[in-house]
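Close look at the chain arrangement
Now for the letters of each chain:
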Amino acid sequence: MVSFFLTLLIAPLLQTSQKEEDPLNILVLTQGEKEYTARTVLNQVSRHNPSLFTPIESDPSYRQQYLASPLFLSQVRAFANLKLLDDAGIPPVSTDALNQEALAWDSTRSGSTSEKSILARHGIAVEVQARLLSQQTNEITIGELNQRLRNSVPEFFGEMQASIIRIPLFDFKTGHAMSHKQRKEIYSRLDKAAQAITSQKLTWEKAYLQYAKDPATKERHGRLNILKPIMPGKQEPEFLQQVFQGFGIHRPQFPVLKGPVLTLRWAYLIRLEGLNIRGVPQLNPVRDRVLRVLRVEAGQKMLHGLQQRVQQAVHAPILP
């Protein structure tokens with residue numbers, strides 16, 4: 001009888017001890033009243049990458065590097081969006097639809113032709129996009145397509161000359177992602193630079209020397225080669241989106257300052273210096289792209305509405 005009662009008393013302590021010993025029992029996301037650990041997020045990632053847990057659980061050094069990486073930060077953010085879709089009752093998509101979206105999603109990033117490799121790293125983000133698109137209509141009129149083209153001709157036919165002041169949102173030496181606090185500090189730093197440039201208290205050249213942390217563009221004071229709207233493997237699509245969007249059919253007066261713009265890996269201040277429009281802007285050559293842009297924008301608007309309903313705190317990256 002004594003043994004039985006001892007078992008009842010000790011069992012909860014053993015369960016707590018086992019839980020505390022789990023190296024992945026680390027809080028990485030608070031959303032509404034729910035909390036999610038690193039293991040919960042990685043369980044979702046592993047649906048597309050079954051071999052994920054082997055190195056993470058067997059190699060503490062690899063695990064530490066992974067949890068501190070920009071990749072894991074992106075996976076936590078995507079997981080947060082996935083939970084919003086679950087709570088809103090937006091259903092999963094078929095395997096075929098997911099594979100098709102993987103290729104479309106990555107076509108502006110690395111241009112990979114392997115759905116498996118894309119999903120292994122970015123499966124949650126692709127799933128979020130696919131589920132959002134499943135809720136959007138394909139019945140978009142020619143008038144709506146033409147209007148979207150007119151709203152941003154350079155986005156589909158433009159070539160832009162630009163310079164950037166760029167600061168990494170990861171540590172060059174360790175590869176670790178910056179913390180939320182560090183990202184805010186970098187944003188504020190570039191915002192201060194933008195205000196000084198706009199008020200002509202600081203020239204672009206002096207601002208570059210003072211703020212940029214980018215060896216790749218140092219010799220040219222941030223000046224880039226010609227930018228195109230889609231440059232897989234060369235420029236981040238989120239950066240290019242900010243470069244080309246919002247000009248309509250009228251040529252802007254250059255230079256134009258944009259930013260700060262924060263992507264997953266970099267913070268940018270962008271100085272647009274010249275624009276060339278390739279050919280005659282007509283809908284037919286870019287119809288499929290315009291259609292996708294409209295549907296993606298509608299999906300992002302839906303997601304933004306869901307995000308506004310809950311309080312969220314992302315605790316990744318998990319830095320040493």
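Numbering of residues starts from 1 in every chain and runs along the sequence as written. Given that the model is predicted, a residue must reach a pLDDT of at least 70 before its local features are reported, and side-chain atom pairs must reach 80 or more before they are shown or counted; all residues, however, enter totals for whole chains, interfaces and linings. Side-chain figures throughout are based on the complete set of non-hydrogen atoms in the structure, without hydrogens or water.

The nonpolar side chains of a soluble globular protein tend to be buried with one another. Nonpolar cores were defined as sets of buried Ala, Val, Leu, Ile, Met, Phe, Trp, Tyr and Cys residues, with membership established by side-chain atoms within 4.5 Å. The buried label goes to any residue with under 20% of its type's maximum accessible area, the exposed label to any with over 50%, and the partly exposed label to all in between, with areas taken from a 1.4 Å probe on protein chains only. Among the nonpolar cores identified, the biggest contains 32 residues, and V28, L42, Y66 and F72 are the most heavily contacted of them. Residues count as neighbours in contact if any of their non-hydrogen atoms are within 4.5 Å of one another. With near-sequence residues (within four places) excluded, L42 lies in contact with L24, L52, F53, I56, Y66, L67, F72 and Q75. Residues A162, I164, F239 and V261 belong to the second largest nonpolar core, which totals 19 residues.

What follows covers helix α4 (residues 60-67). Every buried residue of α4 is accounted for by R63, Y66 and L67. Along the axis of α4, the buried residues cluster in a sector spanning 90°; they form a single face. The inward-facing, buried residues of α4 contact α2 (38-45), α3 (53-58) and α5 (70-87). By definition, any uninterrupted DSSP run of H or I lasting at least four residues is a helix, any uninterrupted run of E lasting at least two residues is a strand, and each is numbered from the N terminus. The arc under discussion is defined with respect to the helix axis, by the directions toward the C-beta atoms.

A residue's pLDDT is the confidence the predictor assigns to it, expressed on a 0 to 100 scale. Per-residue confidence for the protein gives a mean pLDDT of 91, with 94% of residues at or over 70. A low-confidence stretch, residues 1-19 (pLDDT under 50), is modelled with one contact involving residues beyond four sequence positions or located in other chains.

Turning next to the environment of S163. Tracing the backbone through its elements, the reader meets S163 in strand β3 (residues 158-168). Judged by its relative accessible area of 3%, S163 falls in the buried class. Sequence separation between S163 and A38 is 125 residues; the distance between their C-alpha atoms is 38 Å. Non-local contacts of S163, meaning those with residues more than four positions away in its chain, are made with W204, H221, G222, R223, L224, L269, I270, R271 and E273. Whenever a nitrogen or oxygen atom comes within 3.5 Å of another N or O atom, the pair is scored as a polar contact, on the condition that within protein one atom can donate a hydrogen and the other can accept it, and that pairs from neighbouring residues in sequence are kept only if both atoms are in side chains. Within the local environment of S163, its side chain forms a polar contact with the side chain of E273, the two groups lying 2.7 Å apart.

Spatially, three strands are ordered β2-β1-β6 in an open sheet, and the strand pairing comes out antiparallel. Since the sheet does not close on itself, it has two edges, and those belong to β2 (34-37) and β6 (312-314), each with one partner. Ignoring strand direction, the axes of neighbouring strands in this sheet form an average angle of 20°. At least two bridges found by DSSP between two strands is the condition for calling them paired. In this sheet, β6 lies alongside strand β1 (residues 27-31) in antiparallel orientation, the contact comprising three bridges. For L29, the partnering residue across the bridge sits in β6 and is V314. Axes here refer to lines fitted to C-alpha atoms; in helices the fit is confined to the stretch in contact. Angles between the N-to-C directions go from 0 to 180 degrees. On top of the sheet, α2 reaches β1 and β2; it is set at about 70° to β2, its chief contact. On top of the sheet, α5 reaches β1, β2 and β6; it is set at about 35° to β1, its chief contact.

Here we come to the environment of H176. Here H176 shows up in the loop between β3 and α10 (180-198). Sequence separation between H176 and Y66 is 110 residues; the distance between their C-alpha atoms is 8.6 Å.

Only rings of Phe, Tyr and Trp enter the pairing, Trp through its six-membered ring, and a pair is recorded when the two centres are within 6.5 Å. The plane angle decides the type: under 30 degrees is stacked, over 60 is edge-to-face, the rest tilted. All chains considered together, the criterion is met by seven aromatic pairs. Judged by centre distance (4.4 Å) and plane angle (20°), the ring pair of F239 and Y268 falls under stacked. Linking F239 in helix α12 (residues 237-244) with Y268 in strand β5 (residues 266-277), this pair joins segments that are 29 residues apart in sequence. Side by side, F239 and Y268 carry an identical accessibility label, which is buried. Across the ring face of W105, the terminal group of R109 is positioned such that the distance to the ring centre comes to 3.8 Å. Comment: the charge-over-ring label is applied if NZ (Lys) or CZ (Arg) is within 6 Å of the ring centre and within 35 degrees of the ring normal.

Turning to helix α11 (residues 204-211), a few remarks are in order. Those residues of α11 that sit buried are W204, A207, Y208 and Y211. Buried residues along α11 cover an arc of 100° about the axis, so they all sit on one side. Turned more than 90 degrees from where α11 packs its buried face, K206 and L209 sit exposed. Buried positions along α11 lie against β3, α10, β4 (256-262) and β5.

With an omega dihedral of 0°, the bond running from F254 to P255 counts as a cis peptide bond. The topology assignment puts P255 in the loop between α12 and β4. For the bond from A316 to P317, the omega torsion is 0°, close enough to zero to count as cis. When you line up the elements, P317 lands in the segment after β6. Unusually for a residue other than glycine, Q200 sits at a positive phi of about 65°. Structurally, the position occupied by Q200 is in the loop between α10 and α11.

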